[in-house]
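Descriptive analysis of the structure
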Amino acid sequence: MKLEFEQKIVPDSLYEELCFDDFLSWFDLDIPLLPRKILRPMGREKGEEHFKILQDLQRQVDEKKLRPEKIISQSQKLPFLDFVLPFYENRSLEQYHLYSLGKFVSENLLLEEMEMKSLPESELSTCCLKIREILQAYTQKGFSGLRFTTEEKRLREEIKKSEKEVDSKVSKYEREIYEQTGLNMIYPYPKEVSRDSDSVPKILNCEMLSVKPKRDINLIDYQLTPSVKGAIAKKNSLTRDFNQLMKNKLRKINRELHPHYMEFKRCYEERKDKTFYYALLLVKQHQSLCLPTFQVPLGCRLKNAVLPSLQAQKKEKYIPLNLDLDHGANVLFGANMTGKTTVLKTLYFQLTAIRMGLPLCAESIVLHFPEQVEVHLKSAGNIKWNLSSFGQEIEFFTMNMSPAAYILVDELFQSTDPIGGAELSKIILQEFSARDVVFFCTSHYPEVLNLQRIQLFRMKDVDFEEKNGAAPDLAYLIDSIPYELEKILPENIGDALQESKKPLYIALHFPLPESIKERIREKLKG
Amino acid sequence: MTIDEKKGNGITTLSFIGSDKNAGKTTVLNFVYRRLKEIDKGKSHICLGSIGINGEDIDFYENRQKPMISIYKGSYFITATEYLRDLTGKYRMAHSFTGPHFSKVYVLGECLFDFQIILEGPNNKEEILRMKRDVQAVLPDSYLLIDGSIDRQFIAHPAVSDEFYFAVLVSTRKEQLQKARDLLFSLSLQVCTQKHKDLLKDWVKEENKSVLFGEGGELLYHGKEIPFADKKLQDICLNCKKKKCILYLNSALSKSLYALLAPLKNLTVILNNFTLYQNISVYDFQNRIFLPKISLFHPVKVRGIFLKQETTQYTLTTPKNIPVYNLFREELHEIRI
């Protein structure tokens, strides 16, 4: 089961950076029935219905009524029939189609029996029972060969007899040729005999052979006797009769199967859907994923949400994300290198997975359905579109943001001068604080901290003190950063502004020219 | 006649390759298949398959009917479904090869009657290997006879073919004759030394098209581009003409590359497999002698070479210790039953 996202749903660079391909590869199960599926973002209604089905199935798994491994193992026996259905519809099924169809209905009935143990009210598909009955009447040995009628069997025996007769007459004929000419006329032929061969005069005199000169050799071929020709003609005639009987038989089978086509098609599609759900649950179980819970009020609550690519990179040092966003404007404030953008990307990753109907890398997620998710990350502009980074950011806000949308912006208006940027940030935050959306941005502007009706967060930072005028080690700093969020309460706004020297300490750890480093040190000394 | 009985379990894959069109490959396949049936006496299953389509029914050069594949009751075949429409009731389904691993639907069937059939199989390595895995599950102890093509380099991979039969056309036409000579020459190439094998062991991968080592085993270059278009490789080779170097190629030794490397007497060229040495001497190189030594990374195990002689006017040098036959000639009694 190869899963892919519909194109252009996730910006290419973000798709690659967040390793969506690796995440989707978790779902690469060998299920012939579902070779590949393109996932498209779901609307609220469809999405909630999709996850409700998953929740219901999960409940049965939790109650040990349903075992996804067993169900998937049986589902893997079901053949892919997409290529068979048009032939079925057009009453032109061939013998090889009957094999696949028979295999599908019999394995599907077994699967339905397994499902009935967890859902006693469900029943076996009537169409599958009927199709199996018809196929069993006309085929044998697990639908692999056609079952012959008495007349067909008789004809088959006659063909066998005539084959023997042809073999015996041809052997006799070849023996006579050998006796007359010394030639072994065995495969392949025509035989090439050199013109100066001793046997040429005998060959030329033999009525059972034809001789055709070709360059420096003679080509010797059969000149069949009327008796051999007659035996071959008889065999061919019997074979033609047999072929006609087989055609009639296939016509009859198609006629009997056709009334069940529509119901079977529905059953086949339903089976594909169900198998997809089971596969999602199996991967959820294997990877310890969770299903989202939907709420009516706008907002989202993530508990221990994970960005799998980052977790794979950081291993045990990785810290999952806990986040509680309300509707309106939410601002994440904080120092450099504390993981603000990662928070935004982790949230974006989870929201995208939900829109695509996939289980989530988190302990739990409660939210309103993310029908629209828009993200704007820092950019260097785009020469092709004649837009600066500021122009691109402004353009982002011209997009239609429908109610209940999730809007994520990294470093709000950092793309312009600090005075204008702070003003624009305030305007945008005031605008979205009054809208029925979840607006979540990161920012460095202290001016935004004083806005009303805005939920403020900051990244917890590492406390360090300058020792003997030297800044702490960078590796120590990175290791010590907690990568955790905390709400900034109004009384703590003053603290949030105290961290302005940290970027200077951090800058000292990079190979900057010594003259610049000296200025930084002077600044730190005050 | 060297059609040995099968030793051990598993699938033995015998591939059939022709030096040219109308070299008699289908005839050789039919012949070997019949002999195998007689010798094996039903102990192993025999399955016939093809890379791409085997089934052009007309020989366009000579404008006459080409031989079809004849298959007998009890044997197995692999083909695309469209060739089974007129064979209803005459076969039993053993397996169906469908998506997602196959680009079209193929069938593994068992013959209930004798009949002639057009064979079509996958045209790429991944599908062939997948198909072999599936055949192994259905027919664990079997011969798989593959109607192959020299244009498909993957046929020479040890995971694809165990051994080969070659059909060689000895023609009056200059190009065809030269193709036959090239094929026979490539079969006589030696396998590279163990020292070179050890040197290359981490580099022999599908994506690596060329690797150049210095005399002491130091890596000078490796490229993923097709060597005849890899300018950097070519420049480095020319710059190293006074040094002893080893060049591994996993792509055809093309006309231009052949001409470029021809004067480098200190060079040892190691071709991944014999299919990479093709159509070389067909072109006019103004009698330029190719000075580098050539060897193969993967050995080619040849069971037999079958000649189809349009003329006796030319003689070909055949590799030592490989049996050579002419099926069409009445005088060669050693191939008789």
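Everything in this summary refers to the structure shown in the same document. All of these numbers come straight from a predicted model, not from anything done at the bench. (Residues numbered from 1 in each chain as written. Chains lettered and ligands numbered in written order. Predicted model: local features only at pLDDT ≥ 70, side-chain atom pairs only at ≥ 80, totals over all residues.)

1. Remarks on the overall build of chain B
In plain terms, the rule: In DSSP terms, a helix is any run of H or I states spanning at least four residues, a strand is any run of E spanning at least two, and both are numbered starting from the N terminus. We call two residues in contact when their backbone-placed C-beta atoms lie within 7 Å.
Counting its secondary structure elements, chain B contains six helices and 20 strands. Of the contacts made within chain B by residues no fewer than 6 positions apart, 72% connect residues no fewer than 24 positions apart.

2. Let's talk about helix α2 (residues 125-138) of chain B
All names here are of chain B. Filter applied, for reference: Helix span, expected: 1.5 Å multiplied by one less than the number of residues in the helix. Whether a residue is buried, exposed or partly exposed follows from its count of other C-beta atoms within 10 Å of its own C-beta, namely 20 or more, 12 or fewer, or something in between, respectively; the C-beta atoms are built from the backbone. Here the arc refers to the directions that run from the helix axis out to each C-beta atom.
Helix length check: α2, at 14 residues, gives a terminal C-alpha distance of 20 Å against a target of 20 Å (1.5 Å per residue), a fit within 8%. Inspection of α2 places Ile 128, Met 131 and Val 135 among the buried residues, and these make up the whole buried set. For α2, the angular spread of buried residues about the axis comes to 60 degrees, placing them on one side. Of the exposed residues in α2, the ones pointing more than 90 degrees away from its buried face are Glu 126, Arg 133 and Ala 137.

3. A look at the sheet that holds strand β8 (residues 293-294) of chain A
Residues and elements named next belong to chain A. Which entries qualify depends on this criterion: Strand pairing is assigned whenever DSSP identifies at least 2 bridges connecting the two strands.
Overall, mixed pairing links the four strands, which are arranged β8-β12-β9-β10 in an open sheet. Each edge of the open sheet carries a strand with a single partner, namely β8 and β10 (321-326). Relative to β10, strand β9 (residues 299-305) is paired through five bridges, and the arrangement is antiparallel. In the strand pairing of β10, Gly 299 is matched with Asp 326.

4. With respect to the nonpolar core
Basically, it comes down to this: Working definition: the nonpolar core is a set of buried Ala, Val, Leu, Ile, Met, Phe, Trp, Tyr and Cys residues, joined through C-beta atoms within 7 Å.
Ranked by internal contacts, the top residues of the largest apolar core, which has 182 residues, are A:Ala279, B:Cys47, B:Leu145, B:Phe166, B:Val168 and B:Leu271. If one sorts the elements of this core by residue count, helix α11 (residues 261-287) of chain A sits on top with ten residues. In this structure, A:Leu183, A:Met185, A:Leu209 and A:Ile220 belong to the second largest nonpolar core, which totals eight residues.

5. Here's the deal with the packing of helix α4 (residues 68-75) of chain A against helix α6 (residues 95-118) of chain A
Residues and elements named next belong to chain A. Condition: Fitted lines through C-alpha atoms serve as axes, helices being fitted only where they are in contact, and the angles separating the N-to-C directions of these axes extend from 0 to 180 degrees. Orientation is classified from the angle alone, with under 35 degrees giving roughly parallel, over 145 giving roughly antiparallel, 65 to 115 giving roughly perpendicular, and any other angle giving oblique. For any pair of crossing helices, the crossing counts as left-handed if the nearer helix is rotated counterclockwise from the farther one by less than a right angle, and right-handed if it is rotated clockwise. Residue polarity follows a fixed list, in which Ala, Val, Leu, Ile, Met, Phe, Trp, Tyr, Cys and Pro are nonpolar, Asp, Glu, Lys and Arg are charged, and the others, Gly among them, are polar.
Between α4 and α6, the least distance of the axes is 9 Å, while the angle of their chain directions is 165 degrees. Judged by the inter-axis angle, α4 sits roughly antiparallel to α6. Seen along the crossing, α4 lies across α6 with a hand that is left-handed. Residues Lys 70, Ile 71, Gln 74 and Ser 75 of α4 form the contact with α6, whose participating residues are Glu 107, Leu 110, Leu 111 and Met 114. A breakdown of the residues in the contact of α4 with α6 according to their chemical character gives four nonpolar, two polar and two charged.

6. Thoughts on the interface of chain A and chain B
Accessible area lost during the coming together of the parts is what is often quoted as the interface size. Taken together, the contacts link 32 residues of chain A with 31 residues of chain B. Residue assignment for the side of chain A that touches chain B shows that the elements contributing at least two residues are α6, β4 (145-146), β5 (191-194) and α10 (226-257) of chain A. For the side of chain A that touches chain B, the per-class residue count stands at 16 nonpolar, seven polar and nine charged.

7. Re the pairing of strand β2 (residues 45-50) of chain B
All names here are of chain B. Where burial is concerned, most of β2 is hidden: six out of the six residues are buried. Residue alternation in β2 divides its side chains into two sets, His 45, Cys 47 and Gly 49 and Ile 46, Leu 48 and Ser 50, and both sets are buried. Note that β2 and strand β12 (residues 141-147) share six bridges and pair parallel. In the sheet register, Gly 49 faces β12, and the bridge partner there is Ile 146. In this sheet, strand β7 (residues 76-80) lies alongside β2 in parallel orientation, the contact comprising two bridges. Bridge pairing links Cys 47 to Tyr 76 in β7.

8. Details of the pairing of strand β15 (residues 438-443) of chain A
All names here are of chain A. Note the cut-off: Consider the strands pointing away from the viewer: the crossover is right-handed when the path from the first strand over the helix to the second runs clockwise.
Of all the six residues making up β15, six are buried; the element is thus mostly covered by neighbouring parts of the structure. Relative to β15, strand β11 (residues 328-333) runs parallel, the two sharing six bridges. The residue of β15 that forms the bridge with Phe 333 is Ser 443. Note that strand β14 (residues 406-409) and β15 share four bridges and pair parallel. If you follow Tyr 406 over to β15, its bridge partner there is Val 438. The β-α-β motif built from β14, the intervening helix α15 (residues 418-433) and the parallel element β15 has right-handed crossover chirality.

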